[in-house]
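Each chain, written out:
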Amino acid sequence: QVHLVESGGGLVQPGGSLRLSCAVSRSIFSMYVMGWYRQAPGMQRELVATITTAGTTLKYADSVKGRFTISADSAKNTVYLQMNSLKPEDTAVYYCNGKTFREDYWGQGTQVTVSS
């Protein structure tokens, strides 16, 4: 069983920054892709950003391009999401996800609230 634990969420003012972390209980190279998703109240969960564990392919939702950056540290088995220029519409629970070719793993989520 693989465990993903997110941290770094919180309350931030519009225009501010946060960095989310996702600690993975085994080597991230056991996954073929890691990602961040988010779910706002009353909305479906949506993709924010993904990264292949080879680090060769990054994908972003149009709504976060140029503001968010996904990265991975294989030595720490941790995936990050740097979020800059945050907007109120970025408010959501953010979930870390890891995929193997047979399994799909999720963290418990971390709340991000952007409000003045």
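Keep in mind that what you see is a predicted model, and the values were worked out from it rather than measured.

> Can you help me understand the state of the cysteines in this one?
Where two cysteines share a covalent bond between their sulfur atoms, that bond is called a disulfide. Per the stated rule, a full pass over the model turns up one disulfide. Disulfide pairing places C22 opposite C96 at an S-S distance of 2.0 Å. Because the torsion about its S-S bond is -80°, the bridge between C22 and C96 counts as left-handed. Taken together, the positions of C22 in strand β3 (residues 18-24) and C96 in strand β9 (residues 92-99) put the pair 74 residues apart, joining distant regions of the chain. For C96, a relative accessible area of 0% gives the class buried.

> Please clarify how the nonpolar core should be interpreted in this entry.
Burial of nonpolar side chains together is a common tendency in soluble globular proteins. Counting residues in each nonpolar core, the largest one holds 29 residues, and the members touching the most others are M34, W36, L81, M83 and Y94. Those elements that provide at least two residues to this core are β3, β4 (33-39), β5 (46-52), β7 (68-73), β8 (78-83), β9 and β11 (110-114). Once you skip the residues sitting within four places of it in the chain, M83 turns out to touch G16, S17, L18, L20, R67, F68, Y94 and V112.

> Please clarify how the sheet that holds strand β1 (residues 4-7) should be interpreted in this entry.
Within a beta sheet, neighbouring strands are joined by backbone hydrogen bonds and run either parallel or antiparallel to one another. Read from one edge of the open sheet, four strands run β1-β3-β8-β7, paired in antiparallel fashion. The strands lining the two open edges of the sheet, one partner per strand, are β1 and β7. Averaged over neighbouring strand pairs, the angle between their axes works out to 15° when direction is ignored. Of the pairings in the sheet, the one linking β7 to β8 comprises six bridges and is antiparallel in character. By the bridge assignment, D73 is partnered in β8 with T78.

> Sorry, what's going on with the pairing of β4 here?
Side-chain positions along a regular strand alternate between the two faces of the sheet. Counted residue by residue, β4 has six buried out of seven residues, so it is predominantly covered. Counting the residues between successive antiparallel strands, the hairpin from β4 to β5 contains six residues, one of them, G42, with a positive phi of roughly 75°. When β4 meets β9, the two strands line up antiparallel, connected through seven bridges. Within β9, the residue paired with V33 across the bridge is K99.

> What exactly am I supposed to notice about the packing of aromatic side chains here?
Here a ring pair, both rings aromatic, is described through the centre-centre distance and the interplanar angle of the planes. One pass over the full model with this rule turns up two aromatic pairs. With centroids separated by 4.5 Å and ring planes inclined at 15°, the aromatic side chains of Y32 and F101 adopt a geometry described as stacked. On the criterion of sequence distance, the pair formed by Y32 in the loop between β3 and β4 and F101 in the loop between β9 and β10 (104-106) is long-range, its members being 69 residues apart. Relative to W106, the ring of Y37 lies with its centre 5.0 Å away and its plane at 65°, an arrangement referred to as edge-to-face. A residue pair is termed long-range when its members are at least 10 positions apart, and Y37 in strand β4 and W106 in strand β10 qualify at 69 residues. The exposure class assigned to Y37 is buried, which follows from its relative accessible area of 14%. Over the ring of Y95 we find R45, and its NZ or CZ is 3.7 Å from the ring centre. Seen from the ring of W106, R45 lies directly overhead, with NZ or CZ sitting 4.6 Å from the centre.

What counts and what doesn't
- Residues numbered from 1 in each chain as written.
- Predicted model: local features only at pLDDT ≥ 70, side-chain atom pairs only at ≥ 80, totals over all residues.
- Heavy atoms only, no water.
- Disulfide = S-S within 2.5 Å.
- Helix = DSSP H or I, 4+ residues; strand = E, 2+ residues; numbered from the N terminus.
- Buried < 20%, exposed > 50% of the residue type's maximum accessible area, 1.4 Å probe, protein only.
- Core = buried A, V, L, I, M, F, W, Y, C linked by side-chain atoms within 4.5 Å.
- Contact = heavy atoms within 4.5 Å.
- Pairing = 2+ DSSP bridges.
- Axes fitted to C-alpha atoms, helices over the stretch in contact; angles between N-to-C directions.
- Phe/Tyr/Trp six-rings, centres within 6.5 Å; stacked < 30°, edge-to-face > 60°.
- Lys NZ or Arg CZ within 6 Å of the ring centre and 35° of its normal.

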